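Summary of structural features
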Amino acid sequence: MRSVTYSMSVSLDGYIVGPEGDFNWTAPDEEVFRFWIDEIRQVDVHLLGRRLYETMLYWETADQDPSLDDSMLEWAAIWKPLPKVVFSTTLSTVQGNARLASGGLAEEIERLRAEPGEGDIAIGGATLAAEAAALGLIDEYQAMVHPVLVGGGIPFFPQRERRVDLELVETRTFSSRVVYLHYRVARRQAVL
């Protein structure tokens, strides 16, 4: 069964976007950007909330920007054909290789998990991830922790009413002092 992975850049104090809506502190250097390229290659479908979808729309036509370097063009070449499912109550159409979700989040994930494929189901956007987490649908969390305190904004981790135990899968420290943390949800096996 394919894993659902929530992955975002985050400030040390736990926010994906600062109090004024800015996230310029998440701009990756070449080493971190190369890591993200390798990660997106392992994704079969990406689930996005409206705000993240609108932010990522740039990459649908980025290959036409003559100022992009080779790694950015490589990202665009991977991102553009990647199937995307957008969850929104305000959008009536989406662009590129995206479709609006036709059902609820749990139903979409169940359907996608049942489809053949080896790549992950990525989920992005704090609101959408919070809903998936509340439903117990996230299998892995990946945080690219940036060495900055932004003092508020949109939190990476949703407010939870229950405890979730995690197992550390991987850590990596980049030369830019960004730290990657990868955790898997510890699922208890039923004892017969």
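Looking at an unreviewed UniProt entry, one finds the protein chain named Dihydrofolate reductase and attributed to Streptomyces syringium.

What follows concerns the pattern of salt bridges. For the structure on display, the rule yields 13 salt bridges. The closest approach of N and O atoms between R34 and E74, which form a salt bridge, is 2.9 Å. With a gap of 40 residues between them, R34 in helix α1 (residues 30–40) and E74 in helix α4 (residues 70–79) connect regions that are remote in the sequence. For R34, a relative accessible area of 30% translates into the label partly exposed. E74 sits in the partly exposed class, given a relative accessible area of 24%. Between R113 and D139 there is a salt bridge, with the nearest N and O atoms lying 2.4 Å from each other. On the criterion of sequence distance, the pair formed by R113 in helix α5 (residues 105–114) and D139 in the loop between α6 (126–134) and β7 (140–146) is long-range, its members being 26 residues apart. For the pair R113 and D139, one class covers both residues: buried.

Under the definition given, this model contains 12 aromatic pairs. Ring centres 6.2 Å apart and planes at 70 degrees place the aromatic pair F35 and W36 in the edge-to-face group. Taken together, the ring pairs connect F33, Y58, W59, W75 and W79 into an aromatic cluster. Residue placement shows K84 over the ring face of W79; its charged tip is 5.0 Å from the ring centre.

Among the residues examined, R113 registers a relative accessible area of 16% and is labelled buried. Residues in contact with R113, not counting those within four places in the same chain, are M1, R2, V4, I121, L137 and D139.

Here we take up the sheet that holds strand β5 (residues 98–100). Through backbone hydrogen bonds, the strands of a sheet pair up, either in parallel or in antiparallel fashion. Overall, mixed pairing links the 8 strands, which are arranged β5-β4-β3-β6-β1-β7-β10-β9 in an open sheet. If you trace the sheet from one side to the other, it starts and ends with β5 and β9 (166–173), each paired once. If you compare each strand with its neighbour and ignore which way they point, the axes differ by 20 degrees on average. When strand β1 (residues 4–11) meets β7, the two strands line up parallel, connected through 7 bridges. In the sheet register, S7 faces β7, and the bridge partner there is Q142. Each of β1, β3 (43–49), β7, β9 and β10 (179–185) is contacted by α1, which is oriented at about 165 degrees to β7, the strand it contacts most. Here α6 sits on the sheet in contact with β1, β3, β4 (84–87), β6 (120–124) and β7, set at roughly 120 degrees to β6.

Cut-offs applied
Residues numbered from 1 in each chain as written. Predicted model: local features only at pLDDT ≥ 70, side-chain atom pairs only at ≥ 80, totals over all residues. Heavy atoms only, no water. Salt bridge = Lys/Arg side-chain N within 4 Å of Asp/Glu carboxyl O. Helix = DSSP H or I, 4+ residues; strand = E, 2+ residues; numbered from the N terminus. Buried < 20%, exposed > 50% of the residue type's maximum accessible area, 1.4 Å probe, protein only. Phe/Tyr/Trp six-rings, centres within 6.5 Å; stacked < 30°, edge-to-face > 60°. Lys NZ or Arg CZ within 6 Å of the ring centre and 35° of its normal. Contact = heavy atoms within 4.5 Å. Pairing = 2+ DSSP bridges. Axes fitted to C-alpha atoms, helices over the stretch in contact; angles between N-to-C directions.

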